[in-house]
Amino acid sequence: MSSPEKHHFQAEIQQLLDIVIHSLYTDKEIFVRELISNAADACEKLRFTQAGGTQLHDPETAPAISLTTDETGGTITFSDTGVGMTHGELVENLGTIAHSGTKAFLKQIAEDKKPDAKLIGQFGVGFYSSFMAANRVTVLSRSAAVDEMGWQWVSEGTGGYELTPAADLPRGTKITLELKDDAKEFSKESTLEGIIKRYSSFVTFPIELNGKRLNTVQALWTRSKNEIKDEEYNEFYQFIGHDHEDPMLRLHFTADAPLSIQALLFVPSRNLETMGMGRMDSEVNLYCKKVLIQAKAKNLFPDWLRFLKGVVDSEDLPLNISRETMQDTALLQRLNKVLTNRFLKFLDEVAEKEPEKYEKFYIEYQKFLKEGIVTDFLHKEALAKLLRYESSTQEVGKRTSLADYVKRMPEDQKEIYCLMAPNRAAAENSPYFEVFRERKYEVLFLYDPWDEFVMEHLHTFEGKSLKSAEKAELNLADPAKKEGALSDDAAKSLAQWIKESLGEQVSEVRVSQRLVDSPAAIVDADKFMTSTMRRMMRAMKRDGAEPVPDRQDLEINPSHAMIVRLDQMRQKDADLARSVAEQILDNARVAAGVLDDPRVMLKRLNQILEKVLTQPGS
Ligand code: ADP
Ligand code: MG
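Residues numbered from 1 in each chain as written. Chains lettered and ligands numbered in written order. Predicted model: local features only at pLDDT ≥ 70, side-chain atom pairs only at ≥ 80, totals over all residues. Heavy atoms only, no water.

## Overview of the overall build of the protein chain
- A tally of helices and strands in the protein chain yields 20 helices and 22 strands.
- For a compact globule of 618 residues, the expected C-alpha radius of gyration is about 25 Å, and the protein chain comes in at 37 Å, more than 25% above that figure.
- In terms of principal-axis extent, the alpha carbons of the protein chain reach across some 130 × 50 × 35 Å.
- Put simply, the protein chain has 618 residues, and 50% of those count as buried.
- If you take every contact in the protein chain between residues at least 6 apart in sequence, the share linking residues at least 24 apart comes to 71%. (Helix = DSSP H or I, 4+ residues; strand = E, 2+ residues; numbered from the N terminus. Rg over C-alpha atoms; globule rule 2.2 N^0.38 Å. Buried < 20%, exposed > 50% of the residue type's maximum accessible area, 1.4 Å probe, protein only. Contact = heavy atoms within 4.5 Å.)

Rendered as structure tokens:
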């Protein structure tokens, strides 16, 4: 046997190794990911070379990866049947010529308060992570080139390494780690199996551990869409999403520009947040060439898309990415932008082409879309297109989009009208709806209290302002006086009298131009406040806090029999008339849903009834 060639590590590499050996204590396990990723790269290169028609050593042997452990000896061996390395390549790749990544890594590590071992692979120096766990690393390699021979590379990570010729090696590379005392756990099969599954489940080449095949689920996202069956997608989803049900929606797409992205995204069949499971966390994992970079990657999507599960794989992840800078790196923002826009476009397509499917999605996830409108200025326009509401001109249970509403608007209608109500019946019977019914203007019925904020934030849609029906300045087209209606003067004088009787309970009483069937309605005096907001503000009021002051205007309908009678009564029995006026105000509050305590009203109502029943003639 010839005596070993002794080589020195290049200065920067030695510096790097010193840090790896002495300073990186956390995330030691990542050396497994790095060595498997190198083995997978070598297999990939082999396949590529073979496809190019180049003659290979051991052409029959398929590219594969296998690991063996020796718990008693405290070693792990990583073998692959990839391209292997020649003498020159061993020297170049494992110790002599530092990649540009080495410098960058050293710089990053020097700046980090807590050096993060996970970074190492991204700087192109992943191989050296083996020295986090090993005292001594032995590499046996035989290049795929036919006229090469095998070599052994050995190092303890200090000073240098030794190269010796090695006869009779099969093609590929075999790396043996003699584990340090504090890293012996990695030679335990179950420990190692868990790590491999976590990081390397989607590596394309078979991985065996002590003869057992580990990675059976393929990296589906890298395959072409039309050759993947639904069952395969569903199985994959259940695996990565830890769900036992099939997903509700899926989006599989590839982009080359502006970023290279392969993504497979799923919407779970259920919204767990509404099921009381607490806030969901995005479960989209970030990969680079099938190797996990970050599980449940943060900031890959805006918060309101946190229900998504799946995989994003990008080759463009830069070398100098660290966990902290991951949070706000420009690249991540670009990824976020591309992914979010693509997903919004996808939802739009589903809504267009598969309305029933979209309906199901909408019912389950509308809260998130609305949250997006309120919190994400960038995407609110696109999100507004995805909203669906019941409307006065559409059948019960059918939802319309704002865009379709706008298409139906008659020419003289300038605004989009929305009415907040607890349900359809309440909406159709609301005094605020009367003028719209009479003028044949469509009104969107909003049953979810949050919709009010959504409309506030949107403000306009396709250039038309969104208007609360309560606040719409709209009069009856033809206020043809019903027979027996009060004259304008009489109505005005009654309004004034009611204001005097009600005192501070209302800020103004006026003659309505828009009521048809109701005797009266209240309108919040505050221009931007509607009854729903008023209600929510009350609900959110903390105990002991100042009550939210009511500032309501009362509108009276001069054609309504009750109002006409009231005008007569105030001459005859002012006391009873005052009680009736108060009752009318409370009734209007009930209709608006802002009456706090009906018991006060009950007492008065009983008094009125008593009086009416004892009147002569009844
Ligand atoms: P990177 O993988 O980012 O290039 P590494 O430090 O992990 O950086 O590996 C350095 C180089 O060593 C690789 O680029 C590759 O050329 C070579 N190498 C490492 N492991 C193997 C292997 N199992 N088979 C063939 N070549 C390898
Ligand atoms: Mg590597």
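## Digging into the pattern of salt bridges
- Across all of its chains, the model carries 36 salt bridges by this definition.
- Among the ionic pairs, Glu162 bridges to Lys6, the shortest N-O distance being 2.7 Å. Of this pair, Glu162 sits in strand β6 (residues 160-166) while Lys6 sits in strand β1 (residues 5-8), and the two are 156 residues apart along the sequence.
- Taking relative accessible area as the criterion, Glu162 reaches 30% and is therefore assigned partly exposed. (Salt bridge = Lys/Arg side-chain N within 4 Å of Asp/Glu carboxyl O.)

## Concerning the domain arrangement of the protein chain
- By the assigned domains, the protein chain splits into domain 1 (5-213), domain 2 (220-363), domain 3 (388-468) and domain 4 (488-613).
- For domain 1 versus domain 4, the distance between C-alpha centres works out to 81 Å. (Domains from an automatic or database assignment.)

## Structural notes on the sheet that holds strand β18 (residues 460-461)
- What the five strands build is an open sheet, ordered β15-β17-β16-β19-β18; its pairing is mixed. A strand with exactly one partner marks an edge of an open sheet, and here the two such strands are β15 (390-391) and β18.
- Against the sheet, helix α15 (residues 451-458) makes contact with β16 (416-420), β17 (443-446), β18 and β19 (464-468), and its axis sits at roughly 155° relative to β16, the strand it touches most. (Pairing = 2+ DSSP bridges. Axes fitted to C-alpha atoms, helices over the stretch in contact; angles between N-to-C directions.)

## Topic: helix α16 (residues 488-502)
- Between its terminal C-alpha atoms α16 stretches 21 Å, which fits the 21 Å expected from 15 residues at 1.5 Å a residue.
- Each element contacted by the buried residues of α16 is listed here: β20 (508-511), β22 (552-556), α18 (561-572) and α19 (574-592).
- Positive backbone phi, at 60°, marks Gly503, one or two positions downstream of α16. (Expected span 1.5 Å × (residues − 1).)

## Some details on α15
- Those residues of α15 lying buried are Asp451, Glu452, Val454, Met455 and Leu458. Buried positions in α15, seen along its axis, are confined to an arc of 160° and lie on one side of it.
- After α15 finishes, the residue His459 shows a positive phi value of roughly 70°. (Arc of directions from axis to C-beta.)

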